[in-house]
Amino acid sequence: RCHGGCARICAPCASASSKGSIIWGVCFVVCAGVITSCVLAFINMDGVRKDLLTLSKQQSAESKDWTMSHVKIFLNMQIAIISILMSVAFWLILTIVEIARKKVGISIVLVATFYTCLMLVSHGVSLQFTQSSGTDYVLENYSSSATCPKVRAPKLCAFSKQDVAMYQATFYTSYVGVGMLAMYAAFLLFIRRVEEEEYSGGGGGSGSGS
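Model, not experiment: these values are computed from the prediction.

Caption draft 1: Seen up close, the overall build of the protein. When its secondary structure is counted, the protein shows five helices and zero strands. Taking all 210 residues of the protein together, 39% fall into the buried category. On the protein, roughly 11,600 Å² of surface is accessible, and the fraction owed to carbon and sulfur atoms is 65%.

Shown next, in the form of structure tokens:
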């Protein structure tokens, strides 16, 4: 039979389980938004990068070097997006396995949550501070130019401020994801503290009973 003190310890954990499901559900929706925005931006970046590569082959050495420097900017943004996608997908799979099977453990989920937060922050900041130089270059030199070769570089010539907004959505959703994952991590820390108190309370009760 659970004593009064033990019951008071068990009650928060029981009531917190439903709250934890809600928090995880919100995190899932936010992560889905991160994945969607990243995939759309990645596809667009890939088209622009390939168009820049195509045009660079017919440019002079000086112009080619300048174009290739911006090709690297788009490539770096794509690498950052891949890192975000991998970390978010890993976190989702890990938490789903923990919720379904209870075999992963809160400590491992906590480490994965903090790692995903770190990846979202670091690569989100990287995207925020690098995308402007790449998008500004494309807007000024190609999409706004009447001589842009639309046949050879369709993605490049069709690039617009809507595409810039798509890129910005990647780091904005990443920042929202950091906030939600931090909230989920705080919930996990609370659950672990409750479990430790329950364990210590149960150990004390059995010791006194003997």
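Still more ground to cover, so stick around.
Caption draft 2: Spotlight on the state of the cysteines. Applying the stated rule across the entire model yields one disulfide. Linked covalently through their sulfurs, Cys148 and Cys157 form a disulfide whose S-S length is 1.8 Å. Disulfide Cys148-Cys157: the torsion about the S-S bond is -85°, which places it as left-handed. The burial state of Cys148 is the same as that of Cys157; both residues are buried. The thiol of Cys31 is unpaired, and the distance to the nearest cysteine sulfur, on Cys27, comes to 6.3 Å.

Caption draft 3: Structural detail: the environment of Leu85. Take Leu85: it is sitting in helix α2 (residues 61-101). The contacts of Leu85, once residues within four sequence positions are left out, are Ile35, Cys38 and Val39.

Caption draft 4: Broad picture of the packing of aromatic side chains. Throughout the structure, instances matching the rule amount to nine aromatic pairs. Ring centres 5.8 Å apart and planes at 70° place the aromatic pair Tyr137 and Tyr142 in the edge-to-face group. With respect to class, Tyr137 is no different from Tyr142; both count as buried. Through a chain of ring-to-ring contacts, the aromatic side chains of Trp66, Tyr137 and Tyr142 assemble into a single cluster.

Caption draft 5: Examining the side chain of Asp46 more closely. Tracing the sequence through the fold places Asp46 in helix α1 (residues 4-56). A polar side-chain atom of Asp46 sits 2.8 Å from a polar atom in the side chain of Arg49.

Caption draft 6: Summary view of the nonpolar core. Membership of the largest hydrophobic core comes to 51 residues, with the highest contact counts inside it found for Val48, Leu52, Phe74, Trp91, Leu156 and Tyr184. The leading source of residues in this core is α1, at twelve residues. With residues up to four places along the chain from it excluded, the contact list for Leu156 reads Val48, Asp51, Leu52, Leu55, Val138, Tyr142 and Ser143.

Caption draft 7: Main features of the confidence of the model for the protein. Overall, the prediction assigns the protein a mean pLDDT of 84, with 85% of residues at 70 or greater. For residues 1-15, every residue scores under 50 in pLDDT, and the model assigns this stretch nine contacts once sequence neighbours within four places are set aside. Note on residues 206-210: pLDDT is under 50 here. Beyond four places in sequence and across chains, it has zero contacts.

So, how was this worked out
- Residues numbered from 1 in each chain as written.
- Predicted model: local features only at pLDDT ≥ 70, side-chain atom pairs only at ≥ 80, totals over all residues.
- Heavy atoms only, no water.
- Helix = DSSP H or I, 4+ residues; strand = E, 2+ residues; numbered from the N terminus.
- Buried < 20%, exposed > 50% of the residue type's maximum accessible area, 1.4 Å probe, protein only.
- Areas by Shrake-Rupley, 256 points an atom, 1.4 Å probe, with all protein chains shown as cover.
- Disulfide = S-S within 2.5 Å.
- Contact = heavy atoms within 4.5 Å.
- Phe/Tyr/Trp six-rings, centres within 6.5 Å; stacked < 30°, edge-to-face > 60°.
- Polar contact = N/O pair within 3.5 Å; in protein donor to acceptor, adjacent residues only side chain to side chain.
- Core = buried A, V, L, I, M, F, W, Y, C linked by side-chain atoms within 4.5 Å.
- pLDDT = per-residue confidence, 0-100.

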